Structure formats: structure tokens, C-alpha cells
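What the coordinates show
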Amino acid sequence: TGAIGLYNVGQTCCLNSLLQVFLMNIHFTGILRRITVPSHAVQQSKNVPYQMLLLLEEMQCGKRKAVSPINLAWCLSGYRVELFVQHDAAQLFLTVWNLIKRQMKKPELVEELSDLYTICVQEHLACQKCSFEIKRNSSMLTLPLPVLDSNSHRLKTLEDSLRYFFQPEELTDHNMCFCEQCERKTPFLQSMKLVHLPQTLTIHLKRFCFKKSAYIHKLSHSLPFPQDLDFNAVLTENQCQADDKEKAAWQYELFAVVAHSGSTSCGHYCAYIRSLTESKWYCFNDSEVCQVSWDDVKCTYGHSNLHWGETAYLLIYMKKHPQ
């Protein structure tokens, strides 16, 4: 029936934007449609995946321009996702995703959901005085990219932010680590290497930062991001810990942008999403949905003189050639 909006039922613009990103992802909805439906009404009202499925069906079957997510919002409020409260999109994404995963009963669906979103990296610590090394694999749901370097200089593009995130860092002076081989604190080289990238890659641009006064400040300067992103062209061999087959699938196309406008204390979210079936861009602004162009999406790059303007906060990329 076309793109359907979601009514704002109590400062739910952040939730609405994230729901649209989830439900416009046909890989995610393919998993959602196969969940085990809870047998009792009380369980159904408290089950996040089931309430998302009901909302999806209402959006697909209805003839209205927008539907109300109130039942899902009330369901989430039972898990401390409060109504009438300003939420941070990056934190809310993690909260909702983990609730979905926890409440999916079928192990194979949990595994598919994890494979769809989970990023794998290898954390690496190397003593600079001897050959002692520590390697540890870990996973994350978002790549939290800085928009400033350690000297508070602006990073100019998304590719610069990626390179900086995976750039080795020297731990010296008061940041030295204890080396088991040297039996004392020594300088270490800390680095992170990319091991695996998922089908749906979520990038979190760290535009909100604390100032010395503990006041949260929004960084609104321009940070262009590409429609097509090839990690092999951005990162060096030393920043990757993956075989050729894995790296061959590291070519991405932009799928969605969750944008924030306003200040840290009084803001609004909307989502720009590319339909995977039509290849058209849409702006989902609560109950209002309209088709937009790539130039409209580029307006979310940011601008130093437009602190109240729309600024990209979450970028969601989709693999071009999944394995």
C-alpha cells in the first residue's frame, strides 16, 4: 500500500524513526514473520517481537496514511522505555534490539538476527618493550565513530572517521599498562582490527559530547557520507583481520539515515530510508511520509552554522553482495 507513517503518541519520534528502519528492512521482517506467537493475551501484550509484527501487519493492510504504535509503545514502557521522554536514538536502538533478541524463542531466529546486525572486531594490545601481546575478539551492534580527533579537530568525512576509529593508539605515561612479561607498567600499542561485517551495518556518529561543565554539547559540523562504501578501499591491511572471502563482501550501499534536529534538550528525529523494493528514498517524519531525493538526504551532512538543522546521527548501510 506504499510507505505508511506512525503517529507520535508521546514524544515517540525517536522510536518511530527506529521502527521504520527496522520494518523497512526486508531481511529483518523476514525473521520477524517466523517468530513463535505467545499463546496467552498477557504474554502477547508484553512481547516486543509480536507487537512489532502486529504493527507491521497493520501498516501493510491498512488504507490510512499512518497508524498508531501505541500498543508497542506501551509494551516497551514495561521495559523502561518510557513515553513522554526524549530518547537517544543510538541507546534506544540497542535497547529495542536486545529486547527483540531476548524474546525470540527460536534459537535459529536468534542466530539469524545476530548474524544480520553483529559486527566482530579483534582488540589488540602489544607491549612496546617486549613481545607480549593480548588479543581478544569482541562483538558490537554499532560502530561508534568519532567526529573529532583526540585534538578536537574536525574529521572531514565518514571515511576519515572510520580510519581514525581503527588507527592504533600509543598508551604512554599515566595510560601505561602492566606487562606480565616485563612485570611492570610499560608503554603499549592499542589497536582494533575488523574481523566481520554484517548484512545490515549500523554506524553511530558520536555527535553528542560532554564539555567540562558536564553539559552535553551537539557537534553539528558537516560530515559527508557516501551512498556507496567499500571498506577495502578505506582501511589498510593492518586494520583488518579477515580472509579474502570475508573482505570481498565488504561493499555497502546506504539504506537509511536517522537524523536529529534541534538541541540536546529539545530535539526531534526523523528517518530517511531507501526502499529495498523500489530503490526510492522516503522521509519518515512521524505520521508524514514523502518521497525525497538524494540531495534531500545530503542535507543531513550537518552544518556548523545550523545547530538546529537536521544532522545525521545513525547511518545504516546494507551489503551489496551478501555471501
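Residues numbered from 1 in each chain as written. Predicted model: local features only at pLDDT ≥ 70, side-chain atom pairs only at ≥ 80, totals over all residues. Heavy atoms only, no water.

**Describing the packing of helix H4 (residues 48–61) against helix H6 (residues 89–103)**
- It is at 8 Å that the axes of H4 and H6 come closest, and there the two elements cross at 105 degrees. Considered as vectors, H4 and H6 are oriented roughly perpendicular to each other. Judged by residue contacts, Val48, Pro49 and Met52 of H4 engage Leu99, Ile100 and Gln103 from H6.
- For the contact of H4 with H6, the class distribution of residues is five nonpolar, one polar and no charged. (Axes fitted to C-alpha atoms, helices over the stretch in contact; angles between N-to-C directions. Helix = DSSP H or I, 4+ residues; strand = E, 2+ residues; numbered from the N terminus. Parallel < 35°, antiparallel > 145°, perpendicular 65-115°, else oblique. Contact = heavy atoms within 4.5 Å. Nonpolar A, V, L, I, M, F, W, Y, C, P; charged D, E, K, R; others polar.)

**Considering the pattern of salt bridges**
- Overall, the coordinates contain nine salt bridges when judged by the stated rule.
- With its nearest N and O atoms 3.1 Å apart, the salt bridge here joins Arg163 to Asp160. With Arg163 and Asp160 both in helix H8 (residues 158–165), this residue pair falls three residues apart, about one helical turn. (Salt bridge = Lys/Arg side-chain N within 4 Å of Asp/Glu carboxyl O.)

**Examining unusual backbone geometry**
- One non-glycine residue, Phe84, lies in positive phi territory at about 60 degrees.
- When you line up the elements, Phe84 lands in the loop between helix H5 (70–77) and H6.
- Even without being a glycine, Ser279 presents a positive backbone phi close to 60 degrees.
- With respect to the secondary-structure elements, Ser279 resides in the loop between strand S15 (267–274) and strand S16 (281–285).
- With relative accessibility at 52%, the residue Ser279 sits in the exposed group. (Buried < 20%, exposed > 50% of the residue type's maximum accessible area, 1.4 Å probe, protein only.)

**Remarks on H8**
- Within H8, burial applies to Leu158, Ser161, Leu162 and Phe165. Burial along H8 is one-sided: seen end-on, the buried residues are contained in an arc of 100 degrees. (Arc of directions from axis to C-beta.)

**Describing the packing of aromatic side chains**
- The tally for this structure, following the rule as stated, stands at 13 aromatic pairs.
- Residues Phe22 and Phe28 carry aromatic rings whose centres are separated by 5.0 Å and whose planes lie at 45 degrees to one another, so their mutual orientation is tilted. Each member of the pair, Phe22 as well as Phe28, is classed as buried.
- Centroid distance Phe231 to Tyr252: 5.8 Å. Interplanar angle 70 degrees. Geometry classified as edge-to-face. Of this pair, Phe231 sits in helix H9 (residues 231–234) while Tyr252 is found in strand S14 (residues 251–262), placing the two residues 21 residues apart along the sequence.
- In this structure Phe231 comes out as buried when scored by relative accessible area, which is 0%. (Phe/Tyr/Trp six-rings, centres within 6.5 Å; stacked < 30°, edge-to-face > 60°.)

**Some points on the packing of H4 against H5**
- H5 packs onto H4 with a crossing angle of 170 degrees between their chain directions and a minimal axis gap of 9 Å. The pairing of H4 with H5 is recorded here as roughly antiparallel in orientation. Packed against H4, whose contacting residues are Val48, Gln51, Met52 and Leu55, the element H5 presents Asn71, Leu72, Cys75 and Leu76 at the interface.
- Residue composition of the contact of H4 with H5, grouped by class: six nonpolar, two polar and no charged.

**Some thoughts on the domain arrangement of the protein**
- Under the domain assignment used here, the protein contains domain 1 (1–118) and domain 2 (142–166 + 199–322).
- The C-alpha centroid of domain 2 is placed 22 Å from the C-alpha centroid of domain 1.
- Contacts between the two partners involve 30 residues from domain 1 and, on the opposite side, 29 residues from domain 2.
- Buried surface at the junction of domain 1 and domain 2, both sides included, amounts to about 2,300 Å², of which 66% is carbon and sulfur.
- By the criterion of area lost to domain 2, the three top residues of domain 1 are Val21, Met24 and Gln86, representing 22% of everything that side buries.
- Across the contact surface, domain 1 and domain 2 share one salt bridge.
- Close ionic contact of Glu288 with Lys65 constitutes a salt bridge, the shortest N to O distance being 2.8 Å.
- Run the count over domain 1 and domain 2 and you get 12 residue pairs in polar contact (both at pLDDT 80 or more).
- Contributing elements (two or more residues each) for the side of domain 1 that touches domain 2: strand S1 (5–6), helix H1 (13–23), helix H2 (26–32), H6 and helix H7 (107–117).
- Among the elements that line the side of domain 1 that touches domain 2, the one with the most residues is H1, at seven residues. (Domains from an automatic or database assignment. Buried area = accessible area lost by both parts, 1.4 Å probe. Polar contact = N/O pair within 3.5 Å; in protein donor to acceptor, adjacent residues only side chain to side chain.)

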